[in-house]
Amino acid sequence: MRPRVTDRHDGVHIRRAVARDAKRLTRLVTGSRAYEGPYAPMVAGYRIGPDYIEAHAVHVAVGDDGRVLGFYALILFPPEPPEPPELDLMFVADDVQGRGIGRLLVGHLREEARRAGADAVRVVAHPPAEGFYRSVGAERTGTVAARPPAVMWDRPELTLRVDAGP
């Protein structure tokens, strides 16, 4: 299957992820400096497989050179009972952070959620990422308690309105 380009900005385009992206996405997650130190156990051995990409709305930001610069995974739930979509993963390569790729991905995510009929997306954030999500308009709604041994720390819970912007 050929990936369909869905959005483009400053030499970066967003397309639906395909199975052959799985290893690159896994490397973005496991190599992220955001998960060094006490957060390292959360991504140790983490793997994104082709089955995950097929099951969820996974989109990648790709540079003109073909390099995957970032991605997000949106979990869309069945309409009954109504549950807002949830951002499962979002990562931007360490060396390109601060260049607007995260904001581009969030804009695309909002459009995908809107097309799915949602008015908001639930975000359970990595604690150091809360500032980014708030900067793109997410509002803190609570805290998700730690779940040892998988997650050893409390995480901020936020709501990202689909029709709102930063």
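This structure is a prediction, so every number in the text was calculated from the model and none was measured.

S.K.: Would you take a moment to explain the pattern of salt bridges for this structure?
M.R.: Two side chains that carry opposite charge are able to pair once their charged atoms sit near each other. Applying the stated criterion across every chain, the model contains 11 salt bridges. Its salt-bridge partner being Arg115, residue Glu112 comes within 2.4 Å of it at the nearest N-O pair. One end of the pair is Glu112 and the other is Arg115, both in helix H4 (residues 101-115) and 3 residues apart, which spans about a single turn. On the basis of relative accessibility, which here comes to 15%, the residue Glu112 falls in the buried class.

S.K.: Is there a simple way to think about the packing of aromatic side chains in this case?
M.R.: To describe a pair of aromatic rings, one takes the distance between the centres and the angle between the planes. Under the criterion given, the structure shown has 5 aromatic pairs. Arranged with centres 6.5 Å apart and planes meeting at 75°, the rings of Tyr35 and Tyr39 form a pair that is edge-to-face. According to the relative accessible area criterion, Tyr35 is buried, its value standing at 13%. Seen in terms of ring centroids, Phe71 and Phe91 are 5.9 Å apart; in terms of plane orientation they differ by 15°. Their pairing is stacked. With a gap of 20 residues between them, Phe71 in strand E4 (residues 68-75) and Phe91 in strand E5 (residues 86-92) connect regions that are remote in the sequence. An aromatic cluster is present here, built from Tyr35, Tyr39, Phe71, Phe91 and Trp153 joined pairwise through their rings.

S.K.: Would you mind going over the environment of Pro85 with me for this structure?
M.R.: Inspection of the secondary structure assignment puts Pro85 in the loop between E4 and E5. Sequence separation between Pro85 and Val123 is 38 residues; the distance between their C-alpha atoms is 9.0 Å. Not counting residues up to four positions away in its chain, the partners in contact with Pro85 are Leu74, Ile75, Leu76, Phe77, Ala113, Ala118, Ala120, Val121 and Arg122.

S.K.: Before we go on, may I ask you to explain the nonpolar core in this structure?
M.R.: Taken as a class, soluble globular proteins show a tendency for nonpolar side chains to be buried jointly. Counting 47 residues, the largest nonpolar core has Leu25, Phe71 and Val121 as the members making the most contacts within it. Of the residues forming this core, the biggest block, 7 residues, is contributed by E4. With sequence-adjacent residues up to four places away left out, Leu25 is seen in contact with Ala17, Ile48, Ile53, Val58, Val60, Val68 and Phe71.

S.K.: What should I look at first to understand the confidence of the model for the protein chain in this one?
M.R.: Low pLDDT marks regions whose predicted coordinates should not be analysed in detail. On average, residues of the protein chain score 91 in pLDDT, and 92% of them are at 70 or above. Ranking the helices and strands of the protein chain by mean pLDDT puts E4 first, with 98, and strand E1 (residues 5-9) last, with 57. Confidence drops under a pLDDT of 50 for residues 1-5, and excluding neighbours within four residues, the segment shows 12 contacts in the predicted structure.

Cut-offs used in this document
- Residues numbered from 1 in each chain as written.
- Predicted model: local features only at pLDDT ≥ 70, side-chain atom pairs only at ≥ 80, totals over all residues.
- Heavy atoms only, no water.
- Salt bridge = Lys/Arg side-chain N within 4 Å of Asp/Glu carboxyl O.
- Helix = DSSP H or I, 4+ residues; strand = E, 2+ residues; numbered from the N terminus.
- Buried < 20%, exposed > 50% of the residue type's maximum accessible area, 1.4 Å probe, protein only.
- Phe/Tyr/Trp six-rings, centres within 6.5 Å; stacked < 30°, edge-to-face > 60°.
- Contact = heavy atoms within 4.5 Å.
- Core = buried A, V, L, I, M, F, W, Y, C linked by side-chain atoms within 4.5 Å.
- pLDDT = per-residue confidence, 0-100.

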